[in-house]
Amino acid sequence: MKQRRFDEPHGPDDRFSPPGAPAREIASRRAKWSALGLVAGLSLVAAVASAGEVTGRFAVANRSMPPSQDAHYWNAWNGFVAAGPARVDLRREFTAVLRGGAAGDPVGCSYRIRGGDLLPRTMVVKAGARFRLENGDGTPHELTIEGIEGGAPIPTAAGNARPITAPAGGPYAVSDAVYAHIRGTIVPVDDLAACGTIGEDGAFSFPEVPAGNYKLAIYRGGEVVHEQDVQVGTGELEVPRINLN
Amino acid sequence: MISRLWYFVIAAIAGAAVAAAYVAQGTLDYRSAQSARESLRRDRAELELMLRTDARNRLDSLGPMAAHEEVRTALAAASNGRRGLDSAARTRLGNTLAQLNGQLQEGAAQLLFALDANGAIVAQLGGTTPPAGAGIGAFPVAERALRGYLTDDVLVYSDGQNPAIYRAAARPVVQGNRYVGAIVHCSEIGADLANRLSSRLGDVSLAFFFRGEITTVDADAPGVSRAELETGLAAALEAPELNERGHSEVVELPNDGVGVFVLAKGTARHAGAGYAIARTPAVLGSPMALFDAVPDAVMGSVNWLLVVAVPLVLALLGVLFFFLERDRPFSGFRKLAEAVGAGSAPHFDEAGVPARFRKIAHSINEALGRGGGGLAAPKAKADLDEILGQAGSSSSSPYFGFADGKEDAPKNDLFDAAPKPVLEPPGAELDDEPQPTTVAALPAGPPSVPPAATALPSTPKPPPPAPLMPESPFDDDDESGATMVAAVPDELIAASQTSPLERHYRQVYDDFIAMKHRLGEATVGLTYEKLLATLEKNANAIKSKHGVAEVRFKVYEKNGKAALKATPVK
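The shown structure was predicted, so the numbers you read here are calculated from the model rather than taken from an experiment.

Asker: Explanation requested: the overall build of chain B in the structure shown.
Answerer: A tally of regular secondary structure across chain B gives 17 helices and 13 strands. By residue count, 47% of the 570 residues in chain B fall in the buried class.

Following this line, the structure appears as structure tokens:
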């Protein structure tokens, strides 16, 4: 008789079963998995039903930036409309996160390169957890993450993502081997619960945050520039305006 | 002497010429290398100016594109965050941009972006289709353009396969008194640009590098290869100047080339992008290459008359000196030798022989005196027989004279086989002062060889024969004309010092030799002992004949030859 390998299907009924397993035992296993899935679904529904939203706004006193020092031959005003000053892009420059609450995977966190730069520049991640840094640009980027194993400059093609695991500690500096203007920081935290979305005007929001007590932290340049406690319920929580220097 | 010195002069001139050639070649090579270095600095400045002008031209060429109504309208719509721009409008915008870009002809972009006010890509020409929502607004060149500046950059962007270096120029797009976007025009840095720029710079090699590798080389680059440039680039990257100042020092390349490496003036310098300019100095390497490197105009300006005349004069002077110091004396010597060989001269007149041949003449004379060893015709042996004459040979050849000139003077028994010397009888009174009456002359011709040596068995062994040649009055060389007199034994000297008669005979001998020297006669073999024996025999004969107790001899000249006169003394 021909000896079959373990991962070879035996037939329609035992496609993923070890060879020789009795049919009754297989049916029992399927029932267990079905029950587990049902419990998980019910828990998710309950969690969503108990989640709230945190909103707020922060303001920066001085959004102007020093002019770029990049070398170039020409930088002449066009002569028609007054040239605008270099301004801080709040979406890139600041990061708002919630820390604490029940242990679990952080929600709402995405880390990208978009528009030619990191978005956001300060990437607060869960320590030891794996996250993906997406390249949303039309050209490859070669990010270097100092102090992290596997942080050597590896080209990430347009539309691809680079998986990164940041151990506890840090922060870890991020730079691009091709583009000098791309500079950021990875800040691992143990109790990261949610990442907020920041608008051009400094408005931020945390949709669907599980109810609980959190710390709202705003980062800039890898450092916490504002931190406060928030208690999230089932409704919307609007954080009073935050003024940052 | 002058001709010998002339050799040194010529050698010194030749040495100086060789040294001058090497110095000239080294100086030219050094100056050529220095000139190449200086040229590289000028090339860099000139190239920077070209790139600056090129960037300005591209910015200006973007004017119509940025001011195009459709472009402004489309970007204004795209910048409206609420509605955005539908795909059909994007397509129309792309077509418009392609048309406008085509109008730029040689200045057309290989990569062109139309950005909305946030830097998102609304339309793109060239490259691969970007992901939805992609933008380059954070790129410094786009960021400045979106704020209202005409600006440029050298940036790295991927064409979908590999990253490439582009010259970027960007203009803002204004609609309704506000900035609604920007146009970013990118031209890839490639061989076309390298060729175009290097053709304006002249004899240079222009290349672009990226991340430590030469990516593009001017196809018409003279002399400097890609491999050489990569070698220089590696050296430049190791030095701190490139990153600190944006350009390297002048780097020595293999095969005598020099190059300078400059980081790009733009964000691409962060990725190690830049350009290299190299030159190959016209190194001669060898003095022989001097003539190959001389331009025709310079060759035409050379005073060839002088070039030909100076060596010719020097050569003629050398020939003249050679003639004066060698050919002419040699010719004279040859004539003398021919005369001796022909027999018209018995020997070399050393006084008349040039100094440099005098020793040769002297040696030949010596050889002639010894019988020549085949050098010349056999010559009579120069001994006492020849000098004193042979008894009975001739009445005109004796050297002895007697004071009274009588024919029956005693014979010289030394010369039994030879003519007898004529001894003139002493004067009748035989005064104390003898009257010279008879002269004995030397034989005129070469006498036959007598057994003279056997006639003097008791005399000491004669010294080696002295040179045959008489002392030359012209000879400035003492040793060549000196008469060699054999050493006299000590006992004879002692005897002569104690006996007045011996002192007299010694004096006679000395006077006789001196007279012969003065008259140019040979004295070879004429030793004191031989003369003494002859004198004593003659003295004895005269004594017995005249009954005198003593006979005195005196030396005098007769017919140009030395002669002796005997005078009886009572």
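Asker: Looking at this structure, I do not really get the sheet that holds strand β3 (residues 94–100) of chain A. What am I missing?
Answerer: Sheet strands pair by backbone hydrogen bonding; their relative direction is either parallel or antiparallel. Residue and element names in this part refer to chain A. A sheet is described by the order of its strands in space; here four strands give the open sequence β13-β3-β16-β17, paired in antiparallel fashion. Each edge of the open sheet is held by one strand with a lone partner, namely β13 (192–195) and β17 (223–232). The mean angle between the axes of side-by-side strands here comes to 30°, regardless of whether they run parallel or antiparallel. As defined by bridge partners, strand β16 (residues 212–220) adjoins β17 across nine bridges and the pair is classed as antiparallel. Bridge pairing in β17 links L216 to Q228.

Asker: Quick question: what am I supposed to make of the interface of chain B and chain A here?
Answerer: By a widely used convention, the size of an interface equals the accessible area lost when the partners come together. With 43 residues of chain B at the interface, the matching set in chain A holds 37 residues. Of the roughly 3400 Å² buried between chain B and chain A, counting both surfaces, carbon and sulfur atoms make up 54%. Taken together, chain B and chain A are joined by one salt bridge. For the pair chain B and chain A, the interface holds 25 residue pairs in polar contact (both at pLDDT 80 or more). Listed by contribution, the elements that provide at least two residues to the side of chain B that touches chain A are α1 (2–61), α5 (140–146), β3 (149–158) and β4 (163–174) of chain B. If you tally residues by element for the side of chain B that touches chain A, the top one is β3(B), at eight residues. Looking at side-chain class alone, the side of chain B that touches chain A contains 19 nonpolar, 12 polar and 12 charged residues. As judged from the three bridges shared by strand β2 (residues 75–77) of chain A and β3(B), these two strands associate in the antiparallel manner.

Asker: What is the right way to look at the pairing of strand β5 (residues 179–188) of chain B in this model?
Answerer: A regular strand places its side chains so that they alternate between the two faces of the sheet. Residues and elements named next belong to chain B. When you tally the buried positions in β5, you get nine out of 10 residues, the bulk of the element. For strand β1 (residues 111–116) and β5, the ladder comprises six bridges, and the chain directions are antiparallel. Pairing of A114 across the sheet is with I183, part of β5. As judged from the nine bridges shared by β4 and β5, these two strands associate in the antiparallel manner. For V173, the partnering residue across the bridge sits in β5 and is G181.

Asker: Any chance you could explain the packing of α1(B) against helix α11 (residues 304–342) of chain B here in plain terms?
Answerer: Helix-helix packing is characterised by the crossing angle of the two axes and by the distance between the axes. Residues and elements named next belong to chain B. The interhelical angle for the contact between α1 and α11, taken along N-to-C directions, is 160°, at an axis separation of 8 Å. It follows that α1 is roughly antiparallel to α11 by the angle criterion. The two elements α1 and α11 meet at a crossing, and its hand is left-handed. Contacts from I2, S3, R4, W6, Y7, I10 and I13 of α1 reach α11 at L314, L317, G318, F321, F322 and E325. Tallied by class, the residues present in the contact of α1 with α11 amount to nine nonpolar, two polar and two charged.

Asker: Is there a simple way to think about the nonpolar core in this case?
Answerer: General note: in soluble globular proteins, nonpolar side chains tend to be found buried as a group. With 102 residues, the main nonpolar core has A:I186, B:L97, B:Y157 and B:I183 as its most contacted residues. Within the second largest apolar cluster, 22 residues are counted, among which are A:L90, A:L216, A:V239 and A:I242.

Asker: Just to check I follow, could you spell out the packing of aromatic side chains for this structure?
Answerer: Across all of its chains, the model carries 15 aromatic pairs over all chains by this definition. Judged by centre distance (5.5 Å) and plane angle (80°), the rings of B:Y509 and B:Y528 are edge-to-face. Within this pair, whereas B:Y509 is found in helix α16 (residues 500–518), its partner B:Y528 is found in helix α17 (residues 528–546), the two being separated by 19 residues in sequence. Among the residues examined, B:Y528 registers a relative accessible area of 2% and is labelled buried. Here the aromatic cluster, defined as three or more aromatic residues joined through ring pairs, consists of A:F58, A:F94, A:F204 and A:F206. The ring centre of B:Y528 lies 3.7 Å from the NZ or CZ of B:R506, which sits over that ring. In this arrangement the basic side chain of B:K565 is found over the ring face of B:Y556, its NZ or CZ atom lying 5.2 Å from the centre.

Asker: Just checking my understanding: could you explain the state of the cysteines for this structure?
Answerer: Throughout this description, disulfide means a covalent bond between two cysteine sulfur atoms. All names here are of chain A. Summed over all chains, the structure comprises one disulfide over all chains. At a sulfur-sulfur separation of 1.8 Å, the disulfide partner of C109 is C195. The sign of the S-S torsion, about 80°, decides the handedness of the disulfide formed by C109 and C195: right-handed. Linking C109 in the loop between β3 and β4 (111–114) with C195 in strand β13, this pair joins segments that are 86 residues apart in sequence.

Asker: Help me out: how do you make sense of the environment of A:P153 in this one?
Answerer: Structurally, A:P153 can be placed in the loop between β8 (141–145) and β9 (154–156). Measuring from C-alpha to C-alpha, the distance between A:P153 and A:D176 comes to 7.5 Å, with 23 residues separating the pair along the chain.

Asker: Any chance you could explain unusual backbone geometry here in plain terms?
Answerer: Residue A:P120 is reached from A:L119 by a cis peptide bond, and omega for that bond is -5°. Structurally, A:P120 is set in the loop between β5 (117–119) and β6 (122–126). Residue A:P171 is reached from A:G170 by a cis peptide bond, and omega for that bond is 0°. If you trace the backbone, A:P171 turns up in the loop between β10 (161–165) and β11 (172–176). Of note, the phi angle at B:Q105 is positive, near 50°, even though the residue is not glycine. The backbone phi angle of B:R211 is positive, close to 55°, even though this residue is not glycine. Residue position: B:R211 is located in the loop between β6 (205–210) and β7 (213–217).

Asker: Honestly, the pattern of salt bridges in this entry has me stumped. Any pointers?
Answerer: Proximity of charged atoms lets side chains of opposite charge pair with each other. Residue and element names in this part refer to chain A. Enumeration over the complete set of coordinates arrives at 25 salt bridges over all chains. Two residues, D229 and K215, come together in a salt bridge whose shortest N-O distance is 2.9 Å. Placement of the pair is D229 in strand β17 and K215 in strand β16, with a sequence separation of 14 residues. Classification of D229 by relative accessible area gives exposed; the value is 56%. Given the relative accessible area of 37%, K215 is considered partly exposed. Three or more residues are tied together by salt bridges with common partners; here these are D89, R91, R92 and E200.

Asker: Looking at this structure, I do not really get the side chain of A:T122. What am I missing?
Answerer: Residue and element names in this part refer to chain A. Examined against the element boundaries, T122 turns out to sit in strand β6. Classification of T122 by relative accessible area gives buried; the value is 1%. Within the structure, the side chain of T122 is placed 3.2 Å from the backbone nitrogen of G221, a separation counted as a polar contact. At a separation of 3.1 Å, a polar atom in the side chain of T122 contacts the main-chain amide nitrogen of G222. Beyond its immediate sequence surroundings of up to four residues, T122 is in contact with R92, E93, T95, T185, V187, Y219, R220, G221 and G222.

Asker: How do you make sense of the sheet that holds strand β10 (residues 273–279) of chain B when you look at a structure like this?
Answerer: All names here are of chain B. Overall, antiparallel pairing links the five strands, which are arranged β7-β6-β10-β9-β8 in an open sheet. Both edges of this open sheet fall to β7 and β8 (251–252), since each of them pairs with a single strand only. As judged from the six bridges shared by β6 and β10, these two strands associate in the antiparallel manner. Following the sheet pairing, F208 is matched in β10 by Y275. Against the sheet, α1 contacts β6, β8, β9 (258–263) and β10, and its axis sits at roughly 140° relative to β10. Sheet contacts for helix α6 (residues 191–201): β6, β7 and β10; angle to β6, the most-contacted strand, approximately 145°.

Asker: How should a nonpolar patch on the surface be read in this particular structure?
Answerer: All names here are of chain B. On the surface, a nonpolar cluster with roughly 440 Å² of combined accessible area is contributed by L5, F8, V9, I10 and I13. With respect to the secondary-structure elements, I13 resides in helix α1. For I13, a relative accessible area of 39% gives the class partly exposed.

The rules behind each value
Residues numbered from 1 in each chain as written. Chains lettered and ligands numbered in written order. Predicted model: local features only at pLDDT ≥ 70, side-chain atom pairs only at ≥ 80, totals over all residues. Heavy atoms only, no water. Helix = DSSP H or I, 4+ residues; strand = E, 2+ residues; numbered from the N terminus. Buried < 20%, exposed > 50% of the residue type's maximum accessible area, 1.4 Å probe, protein only. Pairing = 2+ DSSP bridges. Axes fitted to C-alpha atoms, helices over the stretch in contact; angles between N-to-C directions. Contact = heavy atoms within 4.5 Å. Buried area = accessible area lost by both parts, 1.4 Å probe. Salt bridge = Lys/Arg side-chain N within 4 Å of Asp/Glu carboxyl O. Polar contact = N/O pair within 3.5 Å; in protein donor to acceptor, adjacent residues only side chain to side chain. Nonpolar A, V, L, I, M, F, W, Y, C, P; charged D, E, K, R; others polar. Parallel < 35°, antiparallel > 145°, perpendicular 65-115°, else oblique. Left-handed = near helix turned anticlockwise from the far one by under 90°. Core = buried A, V, L, I, M, F, W, Y, C linked by side-chain atoms within 4.5 Å. Phe/Tyr/Trp six-rings, centres within 6.5 Å; stacked < 30°, edge-to-face > 60°. Lys NZ or Arg CZ within 6 Å of the ring centre and 35° of its normal. Disulfide = S-S within 2.5 Å. Patch = residues over 30% accessible without salt bridge, like charges linked within 9 Å, V, L, I, M, F, W, Y side chains within 5 Å. Areas by Shrake-Rupley, 256 points an atom, 1.4 Å probe, with all protein chains shown as cover.

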